[in-house]
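# Secondary and tertiary structure notes
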Amino acid sequence: MSKTLPVQKNEYIDVVFEDLTHDGAGVAKVDGYPIFVPNGLPGEKAKIKVIKVNKGYGFGRLMEITEASRYRVDAPCSIYKECGGCQLQHMSYEGQLYAKEKQVRDVLQRIGKLKDIKVHPVLGMDNPWGYRNKSQVPIGEHEGGLIGGFYQQRSHQIIEMKTCLIQQEKNDEVIQKVKDICSRNSVRAYNEEKHKGELRHIMARYGMVSGEVMVVLVTRSNELPNKNKIVEEIVTAIPGVKSIVQNINSKKTNVIFGEQTKVLWGEEVIYDFIGDIKFAISARSFYQVNPEQTKVLYDKALEYAGLGGHETVIDAYCGIGTISLFLAQKAGKVYGVEIVPEAIEDAKRNAALNGITNVEFAVGEAETVIPNWYEEGVQADVLVVDPPRKGCDEKLLQTILNMKPKKVVYVSCNPATLARDLRILEDGGYKTVEVQPVDMFPQTSHVECCALIKLI
Ligand code: SAH
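Residues numbered from 1 in each chain as written. Predicted model: local features only at pLDDT ≥ 70, side-chain atom pairs only at ≥ 80, totals over all residues. Heavy atoms only, no water.

With an unreviewed UniProt entry as reference, the protein is termed 23S rRNA (Uracil1939-C5)-methyltransferase, source organism Bacillus benzoevorans.

Now the structure itself:
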C-alpha cells in the first residue's frame, strides 16, 4: 500500500512547513500528502525523517532545521519537551498570536464555508507567562523524599518539577513548601501499582486578585500521619493561606478527586474576582484558570450582546454562572442552564454573594431545558452559548432557529466545532458578523473565540 504514497517510512526528506496543526505540530506536504512533524514551524525549511505513514497522512521527526522561521525561539522552560503541557514555547509570542489567528480563519473558511469572515487579531496577554491560578501535581517518591510534577508523556512515571513557567509563582512556591512539609512529616506517596501509601496529589489554587490561597491534599484514605502538625506548618509557611482541605480518593483510578472532601483548617472556599464579580471557589469547583483573559473574553461577549438593561438573555452551558453574572449587570433577566448540579449550586451562591437577583439557573441539558423554556413562553433577545469542545448539540441549534433571538453570542474553545455550528446557523437565516479570538492559554496551542451572530 505504501508504494503508492509519495514517501516511505524511514525515508529522510527535505521539506518546507506550510502550516500548524491544531495541536501545534508543523505540517509539510509532499505532492499534497500531509506529514505532521512536532516542533516544525510554518515557513521553516527542514530535514525530517518519516516515521509513520497512513493512507491519507504521515508523521515525521524533525532532524535538522535548514532555514529557521523568524518566529523560532529557544523554549525557555528546561522541561518543555518532557512535559508536553505547552506546545508552542519554541515560537515567539508574536508568532503564536499570528498562528492562532490564521488557524481560526482557515478553519472557519474550510469547515464553516464562511468566505470573507471577519476575524480580528488575537487578543493576547502583555505578559504571556505565570498566568495559571491552579496547579495540581501527582506525588511520587525519590530517594526517600516526596517528588511532584507531571507524568512523563505516555507513561505514569512522575517527573519532579520545581517551576512551571505558565504557573503563578505563588503556586510553585505553595506546592514546593507543602511537598517539603509532608516529606518531613513522614507522609508516603501513593503507589498506584500497590494501591498503598497516602498522598496522591497536591493542588494549589491562588486568587490572583484576592491573594487567597487554597491547599488541597488528595489522599488514598482518611489517614494522614501527623495531620495536625502538617496543617500547622502549612499555615506558618504560606502567607495568604485561607483554606486547607483534604480530599479522599480511595479508588484505583486516574481521576484526581474522590467524593469526600473535608476542611482541615480555615474556610471551605477561597474568594476571587473576575472584574467586579466575586466568586467563591471550593476545592472541586470549576473556575477559569486564567482570570485576566477570562475578563477580556467575557467583556467581548458583553460588548457583542449589546445590552440596554431590559433584555432577556439565555446563557447556555453556563458552568458556575460566570458569563450569566457578567450579563445580568446589564440585562433585564438572565436564564442560565448547565448540566452539572454542583456548578449550578455555585452559580446560585455566586449570584447571592454579589446581590444579583435577576438571574435564574436550571440544571439540565441545554438542548432539553431551552426548548422547554421556549414552550413556556421564554423568548430570548440574546442567546449566549459556551459549549465544551464538541460544540452545541444539534437540537439546541434547531431551537435557536425556532426561537429566533436577534443575536447569538458564541464563546468557543474549539474553532472546528464553532465553524460547523456557524454553518448551521447561517443556513437557518443568521449571519456571522465578526469573530474575536482571545488567547486564554499562551504557550499552548489552544485558542478561544467569541463570535457575534445576527438574525438577518
Ligand atoms: N460558561 C462557563 C463554562 C463553560 S464550559 C464559564 O465561563 O465558567 C462548558 C460547560 O458546559 C461545562 O460547565 C459543562 O459541564 C457544560 N455542559 C456540557 N454539556 C452540556 C449540556 N448538554 N447542557 C448543558 N451544559 C453542558
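The structure having been displayed, the exposition proceeds.
Moving on, we come to the pattern of salt bridges. In this structure the tally under the stated criterion is 22 salt bridges. Lysine 45 is paired through a salt bridge with glutamate 67; the nearest N and O atoms lie 3.5 Å apart. Here glutamate 67 lies in strand E5 (residues 58-67) and lysine 45 lies in strand E4 (residues 45-53), a separation of 22 residues in the sequence. In this structure lysine 45 comes out as partly exposed when scored by relative accessible area, which is 36%. For glutamate 67, a relative accessible area of 44% corresponds to the partly exposed category. Between lysine 333 and glutamate 360 there is a salt bridge, with its nearest N and O atoms 2.9 Å apart. One end of the pair, lysine 333, is in strand E16 (residues 333-338); the other, glutamate 360, is in strand E17 (residues 359-363), and 27 residues separate them in sequence. Each of Asp19, Lys102 and Asp106 takes part in salt bridges that share partners, so that together they form one network. (Salt bridge = Lys/Arg side-chain N within 4 Å of Asp/Glu carboxyl O. Helix = DSSP H or I, 4+ residues; strand = E, 2+ residues; numbered from the N terminus. Buried < 20%, exposed > 50% of the residue type's maximum accessible area, 1.4 Å probe, protein only.)

The domain boundaries assigned to the protein delineate domain 1 (2-69), domain 2 (99-126 + 290-455) and domain 3 (134-276). In this structure, domain 2 and domain 3 have C-alpha centres spaced 34 Å apart. Together domain 2 and domain 3 conceal approximately 680 Å² of surface at their shared face, both sides included; 75% is due to carbon and sulfur atoms. On inspection of domain 2 and its partner domain 3, the count reaches zero salt bridges. In this structure, the connection of domain 2 to domain 3 is made through zero residue pairs in polar contact (both at pLDDT 80 or more). Contributing elements (two or more residues each) for the side of domain 2 that touches domain 3: helix H5 (291-305), helix H6 (322-328) and helix H7 (341-353). Element by element, the count of residues in the side of domain 2 that touches domain 3 is highest for H5, at three residues. (Domains from an automatic or database assignment. Buried area = accessible area lost by both parts, 1.4 Å probe. Polar contact = N/O pair within 3.5 Å; in protein donor to acceptor, adjacent residues only side chain to side chain.)

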